[in-house]
Structures are given as C-alpha cells and as structure tokens.
Amino acid sequence: EDQVTQSPEALRLQEGESSSLNCSYTVSGLRGLFWYRQDPGKGPEFLFTLYSAGEEKEKERLKATLTKKESFLHITAPKPEDSATYLCAVQASGTYKYIFGTGTRLKVLA
Amino acid sequence: GAVVSQHPSRVICKSGTSVKIECRSLDFQATTMFWYRQFPKKSLMLMATSNEGSKATYEQGVEKDKFLINHASLTLSTLTVTSAHPEDSSFYICSARLAGVQETQYFGPGTRLLVL
C-alpha cells in the first residue's frame with residue numbers, strides 16, 4: 001500500500017537555527033514527490049516537485065532533496081515567517097492522485 | 001500564474017440545507033480537479049477526482065449522493081453538500097491539475113463549512 005510518513009510531527013526552532021523535515025514514502029513507482037506549505041485556515045501553497053533520486057531544488061531558505069525512500073526539506077536560518085505546516089505528497093505512476101503525509105508543524109521563534 | 005479560487009470562503013448553514021462550493025482555475029485550464037476535506041490539525045483527505053465532462057470518481061467511503069460534484073467546464077468544478085448535517089462541518093479544499101511535463105496540483109484557499 002502506498003504510504004507517506006512525515007517527521008517530526010511538530011518542530012520548534014529559534015530564528016536562525018537550521019533544521020530538516022523528513023518525508024518517508026513507499027509507493028509503487030514514484031511519479032513525483034511534492035512539498036507544500038500550509039498556513040492556518042488557508043489552502044496549501046506549492047513549493048517544490050521532485051521526480052528522481054538525487055534531485056535537489058531550492059527556493060530562498062528552503063532546499064528539498066530526494067532519495068529512493070525519502071525526501072528532506074532543509075530550512076536554513078529560518079525566520080518567524082517560515083512558521084507553517086509543511087506537507088509532503090507523493091504521486092504514484094499511473095494516477096493523478098496525491099497521497100499526503102500528515103505534515104510537520106513548524107514554529108520559528110524570534 | 002497557476003491561481004485557483006474558491007467561493008465562498010466561509011459558509012454557515014442550517015442542518016438539512018444544501019451548500020454549493022465553487023472551485024475555479026483562474027489562469028489555466030484544468031481537465032482534472034480534486035476535492036479534499038481537512039479536519040483540524042490533520043492532513044488532506046481526498047474525497048473525489050473531478051474530470052471535465054464526465055462523472056466524478058469518489059474515494060472509498062465518500063457518499064456520492066451526499067457530495068455532488070460537477071465539472072462543467074475546463075475552469076470550474078462545483079461541490080454540493082446535500083442535506084448537510086453538523087458532521088459535515090469541515091474545511092473543504094479543491095485543487096486543479098496543471099498538466100504538462102512537470103504537472104502539479106494547485107490548491108484553492110479553502111472553504112470553511114459550519115452546519116448548525
């Protein structure tokens with residue numbers, strides 16, 4: 001069964017304290033892995049798509065990496081405005097549907 | 001680019017009434033849209049896949065007669081919660097699939113439904 005697990009569930013960081021969020025997955029043929037940011041009461045905002053092991057993408061303080069079993073979202077020198085829930089989703093081959101993880105709630109303290 | 005809107009953003013209704021939620025892709029055409037439901041501090045639960053010009057595909061456990069989906073055009077899908085009850089209160093989010101080499105789902109801002 002296709003599955004996505006994110007850890008940790010919640011993370012508190014001091015401003016400037018870098019860290020990584022994990023997304024482990026099992027899927028029958030990966031078509032794509034997606035990272036989204038969700039603020040309270042809002043819809044998810046697209047961050048990255050990764051397609052193959054070894055791929056990396058960066059945007060400002062965020063960097064996403066992908067292996068055959070997991071993806072990491074690295075946050076470098078975070079700021080309070082980076083506080084949000086970060087969601088990981090995978091898309092299996094042969095389908096348009098996404099399977100979402102339960103998310104990591106990130107809180108960055110000033 | 002790739003903006004998806006939802007209307008209304010918030011709705012309060014009485015038990016037994018029906019509520020319609022619209023999802024529009026504003027700057028691209030979407031042959032496929034998705035409807036999700038999200039409970040507090042939980043992840044997104046896919047309810048159904050909406051395909052333009054054809055019947056929606058519902059996930060297991062989702063009542064198709066309760067949650068009516070219509071995808072009448074390449075930019076509009078609607079979700080109607082029929083005979084709503086308090087247990088239908090939730091945050092409903094739609095997404096639209098931007099097709100292409102690097103296809104991605106773009107999400108609307110969500111609709112908060114409260115059934116009294």
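This write-up is about the structure you can find in this document. The shown structure was predicted, so the numbers you read here are calculated from the model rather than taken from an experiment.

## Quick notes on the interface of chain A and chain B
- Facing 20 residues of chain A, the contacting portion of chain B comprises 22 residues.
- Between chain A and chain B, roughly 1,700 Å² of surface is buried when both sides are summed, and carbon and sulfur atoms account for 53% of that area.
- Taken together, chain A and chain B are joined by two salt bridges.
- Of the charged contacts, one joins Arg-31 of chain A and Glu-103 of chain B as a salt bridge, the two residues approaching to 3.4 Å between their closest N and O atoms.
- Applying the counting criterion to the chain A and chain B interface returns 10 residue pairs in polar contact (both at pLDDT 80 or more).
- For the side of chain A that touches chain B, the elements supplying multiple residues, two or more each, are β4 (30–38), β5 (45–50) and β9 (84–92) of chain A.
- When residues of the side of chain A that touches chain B are assigned to their parent elements, the largest contribution, four residues, is made by β4 of chain A.
- When its residues are assigned to classes, the side of chain A that touches chain B shows nine nonpolar, seven polar and four charged.

## Observations regarding a nonpolar patch on the surface
- Together, Ile-12, Leu-114 and Leu-116 of chain B make up a nonpolar patch on the protein surface, roughly 300 Å² of accessible area in all.
- Relative to the elements of secondary structure, Leu-116 of chain B occurs in the segment after β11 (111–115).

Thresholds, definitions, all that
Residues numbered from 1 in each chain as written. Chains lettered and ligands numbered in written order. Predicted model: local features only at pLDDT ≥ 70, side-chain atom pairs only at ≥ 80, totals over all residues. Heavy atoms only, no water. Contact = heavy atoms within 4.5 Å. Buried area = accessible area lost by both parts, 1.4 Å probe. Salt bridge = Lys/Arg side-chain N within 4 Å of Asp/Glu carboxyl O. Polar contact = N/O pair within 3.5 Å; in protein donor to acceptor, adjacent residues only side chain to side chain. Helix = DSSP H or I, 4+ residues; strand = E, 2+ residues; numbered from the N terminus. Nonpolar A, V, L, I, M, F, W, Y, C, P; charged D, E, K, R; others polar. Patch = residues over 30% accessible without salt bridge, like charges linked within 9 Å, V, L, I, M, F, W, Y side chains within 5 Å. Areas by Shrake-Rupley, 256 points an atom, 1.4 Å probe, with all protein chains shown as cover.

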